[in-house]
Amino acid sequence: MSTLFPALTDGPPDRPALRFGERSLTYGELAAAAGALADRISRAGRAGGAGRVAVWATPVMETGVAVLAALLAGVPAVPLNPKSGEKELGHILSDSAPSLVLAAPGDDLPAALHGLERVDVDVQAGAREEGRVAAPGDPAGDDDPALVVYTSGTTGPPKGAVIPRRAVATTLDALADAWQWTGDDVLVHGLPLFHVHGLVLGVLGPLRRGGSVRHLGRFSTAGVTEELGSGATMLFGVPTMYHRIAEALPDDPELAKALSRARLLVSGSAALPVHDHERITAATGRRVLERYGMTETLMNTSVRADGEPRAGTVGVPLPGVGLRLVEEDGTEITEYDGVSVGEIQVRGPNLFTEYLNRPDATAAAFTADGWFRTGDVAVRYPDGYVRIVGRRATDLIKSGGYKIGAGEIENALLEHPGVREAAVTGEPDPDLGERVVAWVVPADPQSPPDLAELAGHVARRLAPHKRPRVLHHLDALPRNDMGKIMKRALAGD
Ligand code: MCA
Ligand code: AMP
């Protein structure tokens, strides 16, 4: 049982911890607020509730305090996308069965959450007490769950990846090693707080180091300029954010100046195009480091701060992470020649333990000898650098850094009365990496549903980022002799 956040109890209490817009908390204030809330969660647990707590994960201070409180109470947190549509939210709630929902005062929660006991997060709790209110010691064990994070597969509804406390600790410590990340660093980002990138790396990361994070609320190049220009040392973002930075740089000398001052610029969640790397380096003199991770594995590889930056690669395995490339027939690629392509398989203390309530999916995700199949396909160079070249599943789309399953959107489209048949593919997009494309056979060819109608339908049922951005109407979907939709024929390759 090791403590996840030593700085809460051992560090200087007046050190800045979290800042969201105009609001900020020091470590002392954070320990008091999260400690009080942890106490509340623990009491609910003793009363028979609080097996898991849901967190309404808007990009505000309360979300950081809520997740931290759950971890201090030893109760797993389930971060909810506040833009989740009714179908997605309904699934996540029935699957994870939380007993409480933690939200910011004044948040308007959807009907699906009305049956749950609601606890408003008071970020000032304990501020009136003399000195520091002790945060409870971490009562949970290293293998106990810290978080349940929902992630899309190729078919069906999202699966809840159960992430143990040891995975959080080891991944953050491995990144500290790779990036020379210390308590002196001040991180800035505008990532959502219901995924690993923004929550685990972007909030729990600085807190484990005893450093601080300034969250932008919403990503903007102006926000990045302001924070990196006033003391922030690191920037985390998805490639879409770096693409927007690269686009803005030619006309924004202040942004270039701010980026050139940063100690570390890190990109992840999807591949950063080499062209964007190069444009940023040309304008700022700084290189963006890429790291590669997954909800189920947390972080696997990174270009190291003290290593050779090489655009287009995701660097080398992090300390403690076992990584191998495996051919289609199961043969391991032992020669790192930069050309032999295989699936990335990983193992190590950074891995999740299971998909909640899905022993079938959990078993399928691992090989017989215990390696996790990432589904990502890569080559490896003689010096160990990994370059991702693709993905095994064509039915997974990465858009804006979000993973989106084609099957989930197809099912939602089929629930629209104007749709008889539907197929979903991804196509390249300069801003989002990939965009969601819907191919629809209308129920009534005389009045086919339009893009805005279907986008709204998917956004309301699932989430806005899953909405189709392009719509094609067809008379029939191309199918093979077995009746299976031939998506390659749709995409035109
Ligand atoms: C648009 N909107 C709609 C509709 N259309 N709402 C309802 N119905 C509609 N039909 C709303 C959206 O909700 C949003 O609202 C606004 O319009 C703009 O949405 P959109 O165009 O989709 O997005 P964007 O603002 O252009 O966002 C780009 C982004 C975003 C900021 C890059 O994609 C993003 O935050 N990506 C990060 C993904 C991420 O963190 N992935 C990590 C997972 P509003 O205006 O209110 O916002 S991967 C991971 O964790 C692993 C471990 C890893 O390796 O990192
Ligand atoms: P998620 O399931 O949302 O956590 O997304 C994980 C997936 O994002 C991985 O399996 C990869 O396909 C992709 N990914 C994450 N980081 C990178 C990166 N630096 N380069 C390419 N793909 C990445």
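An account of the accompanying structure is given in this report. (Residues numbered from 1 in each chain as written. Chains lettered and ligands numbered in written order. Predicted model: local features only at pLDDT ≥ 70, side-chain atom pairs only at ≥ 80, totals over all residues. Heavy atoms only, no water.)

The next subject is the sheet that holds strand β16 (residues 322-326). Sheets are built from strands that pair by backbone hydrogen bonding, the pairs being arranged parallel or antiparallel. On the basis of which strands lie adjacent, the open sheet formed by 4 strands has the order β16-β17-β19-β20 and antiparallel pairing. Taken across any chain shown, the strands that pair with only one partner, and hence form the sheet edges, are β16 and β20 (386-391). Neighbour-to-neighbour, the strand axes of the sheet open up by a mean angle of 45°, direction not taken into account. Strand direction decides the pairing type here: strand β19 (residues 372-380) and β20, joined by 5 bridges, are antiparallel. Note that in β20 the partner of aspartate 376 across the bridge is arginine 391. (Pairing = 2+ DSSP bridges. Helix = DSSP H or I, 4+ residues; strand = E, 2+ residues; numbered from the N terminus. Axes fitted to C-alpha atoms, helices over the stretch in contact; angles between N-to-C directions.)

Interhelical geometry of helix α12 (residues 406-414) versus helix α13 (residues 451-461) gives an angle of 115° and a closest axis separation of 10 Å. As the angle between them shows, α12 and α13 are arranged roughly perpendicular. The crossing of α12 and α13 is right-handed. Of the residues in α13, those in contact with Ile409, Ala412 and Leu413 of α12 are Leu454, His457, Val458 and Arg461. In terms of residue class, the contact of α12 with α13 is built from 5 nonpolar, 1 polar and 1 charged. (Parallel < 35°, antiparallel > 145°, perpendicular 65-115°, else oblique. Left-handed = near helix turned anticlockwise from the far one by under 90°. Contact = heavy atoms within 4.5 Å. Nonpolar A, V, L, I, M, F, W, Y, C, P; charged D, E, K, R; others polar.)

What follows is about the environment of valine 203. For valine 203, the location among the structural elements is in helix α6 (residues 196-209). Spatially, the C-alpha atoms of valine 203 and leucine 18 are 8.1 Å apart, while their sequence positions differ by 185 residues. Apart from residues no more than four positions distant in its own chain, valine 203 is found in contact with Leu18, Gly64, His189, Leu193 and Gly198.

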